[in-house]
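This is what each chain is made of:
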Amino acid sequence: MKKAMDLIAELANEPLRYLTPENFSLTALAKSDFAKGLHMDTLIITWIIMLVVLIFCVCVSKRFSAAPGKIQVAFEFLYSFFDNLADGLGGKRVKKYLPWVISFFIFITISNLWGLLPAFKIEGWHLVLSMPPTRDISTTLALAILSFCSFQIIGYKEGGVKYLLHYFHPLPSILPGFPTPIRWIIAPPLAVFFIILNLVEEIARVVSLTMRLMGNILGEHIVMGIMIGLIYVAYALAPDAFVSFLFGLGVNIFPFALLFMGVLTGVVQGFVFTILTLSYIGSAINFEEE
């Protein structure tokens with residue numbers, strides 16, 4: 001009996017052997033198989049980008065002056081672009097949220113372009129620090145949830161409790177067309193139906209923002225990798241010197257075309273996500289006009 005109790009105690013204490021400071025260090029975590037599930041490379045790259053953006057914005061803001069330099073002109077152009085878009089979405093009520101919206105664009109664009117940096121992999125750590133965090137659905141989903149929460153909070157802040165009534169839309173506009181007795185009978189089931197329908201629409205926005213950004217960035221890198229691999233294979237299998245020379249030109253020129261495509265895709269997808277967020281904020285502020 002004593003031996004059985006000792007065995008049970010030993011088995012019970014077995015997990016405690018792994019509760020040591022060494023096993024909870026960042027090094028051990030990055031090297032563990034558990035790191036694969038945590039997407040440690042995405043987390044580390046995201047932290048690096050946030051730190052770079054923060055330092056860059058703080059340094060640039062201190063140099064703003066009446067005689068703008070090139071960086072200040074670029075920021076002013078960016079702000080004026082979104083400012084013009086906000087004019088058609090609600091004017092001053094939308095413009096006061098532009099700093100929040102533009103921060104989406106800066107972070108997402110830099111994250112998209114991160115994948116154009118040279119490959120950097122730490123062997124044994126399960127870390128590939130050259131992949132854009134926006135190719136990971138965990139990042140794009142987090143950004144989409146942030147966007148969703150922002151326009152819900154802004155809508156409630158600007159419209160109060162009335163904003164919540166838009167989930168019943170278009171029930172208030174169709175009920176007056178029914179006679180009074182029927183109106184009270186059909187109102188409850190229609191209210192539940194329209195609430196579910198509007199909630200599905202809101203969830204669809206989150207899914208759309210998530211999948212569009214992740215799919216475009218991931219797809220772009222897959223296509224770029226395949227195209228570069230194919231041109232190198234074709235160069236290696238070229239039958240004669242002249243064809244080999246042509247493929248050699250392609251090997252040296254084609255990657256620059258893919259690089260341009262990567263920059264264009266990264267910037268455009270940053271604009272798309274940001275403009276959609278801005279339009280959702282505008283619709284939340286102007287919900288009474290819908």
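Relevant structure appears above.
Here is what the cut-offs are and how they apply
- Residues numbered from 1 in each chain as written.
- Predicted model: local features only at pLDDT ≥ 70, side-chain atom pairs only at ≥ 80, totals over all residues.
- Heavy atoms only, no water.
- Helix = DSSP H or I, 4+ residues; strand = E, 2+ residues; numbered from the N terminus.
- Buried < 20%, exposed > 50% of the residue type's maximum accessible area, 1.4 Å probe, protein only.
- Contact = heavy atoms within 4.5 Å.
- Areas by Shrake-Rupley, 256 points an atom, 1.4 Å probe, with all protein chains shown as cover.
- Polar contact = N/O pair within 3.5 Å; in protein donor to acceptor, adjacent residues only side chain to side chain.
- Core = buried A, V, L, I, M, F, W, Y, C linked by side-chain atoms within 4.5 Å.
- Salt bridge = Lys/Arg side-chain N within 4 Å of Asp/Glu carboxyl O.
- Expected span 1.5 Å × (residues − 1).
- Patch = residues over 30% accessible without salt bridge, like charges linked within 9 Å, V, L, I, M, F, W, Y side chains within 5 Å.

### Remarks on the overall build of the protein chain
Step number 1: Along the protein chain, the regular secondary structure elements total 12 helices and two strands.
Step number 2: Listing each helix as α and each strand as β along the protein chain from the N terminus yields α-α-α-α-α-α-α-β-β-α-α-α-α-α.
Step number 3: A buried classification covers 32% of the 290 residues belonging to the protein chain.
Step number 4: Nonlocal contacts in the protein chain, meaning residues at least 24 apart in sequence, comprise 71% of its contacts between residues at least 6 apart.
Step number 5: Of the roughly 17900 Å² of accessible surface on the protein chain, a fraction of 75% belongs to carbon and sulfur atoms.

### Things to note about the side chain of Thr274
Step number 1: Relative to the assigned elements, Thr274 resides in helix 12 (residues 241-285).
Step number 2: Among the polar contacts made by the side chain of Thr274, one reaches the main-chain amide nitrogen of Phe105 at a distance of 3.4 Å.
Step number 3: Leave out the neighbours within four places in its chain, and Thr274 touches Phe82, Val101, Phe104 and Phe105.

### What about the nonpolar core?
Step number 1: Counting 32 residues, the largest nonpolar core has Phe82, Ile108, Leu143, Phe273 and Ile281 as its most contacted members.
Step number 2: Elements represented by at least two residues in this core include exactly helix 4 (40-61), helix 5 (70-87), helix 7 (98-114), helix 8 (137-159), helix 11 (180-236) and helix 12.
Step number 3: Broken down by element, this core gets its largest block of residues, nine residues, from helix 7.

### With respect to the pattern of salt bridges
Step number 1: Scanning the model with the defined rule gives five salt bridges in all.
Step number 2: A salt bridge links Glu202 to Arg205; its shortest N-O distance comes to 3.7 Å. In this pair, Glu202 and Arg205 both sit in helix 11, three residues apart, roughly one turn of the helix.
Step number 3: A residue is classified by how much of its surface remains accessible, and Glu202, at 6% relative accessible area, is buried.
Step number 4: Among the residues examined, Arg205 registers a relative accessible area of 15% and is labelled buried.

### A closer look at helix 7
Step number 1: Across its 17 residues, helix 7 extends 24 Å between first and last C-alpha, which sits within 8% of the 24 Å expected from 1.5 Å per residue.
Step number 2: Extensive coverage of helix 7 is indicated by the burial of 12 of its 17 residues.
Step number 3: All buried positions along helix 7 are accounted for by Leu98, Val101, Ile102, Phe104, Phe105, Ile106, Phe107, Ile108, Thr109, Ser111, Asn112 and Trp114.

### Focus on a nonpolar patch on the surface
Step number 1: Taken together, Leu218, Ile222, Val223, Ile226, Met227, Leu230 and Met261 make up a surface patch of nonpolar side chains, about 570 Å² in accessible area.
Step number 2: With six residues, helix 11 is the single largest residue contributor to the nonpolar patch.
Step number 3: Topologically, Leu218 is positioned in helix 11.

### Description of the environment of Val52
Step number 1: Locating Val52 in the fold gives a position in helix 4.
Step number 2: Owing to a relative accessible area of 44%, Val52 belongs among the partly exposed residues under this scheme.
Step number 3: When the C-alpha positions of Val52 and Phe107 are compared, they lie 9.8 Å apart, and in sequence the two are 55 residues distant.

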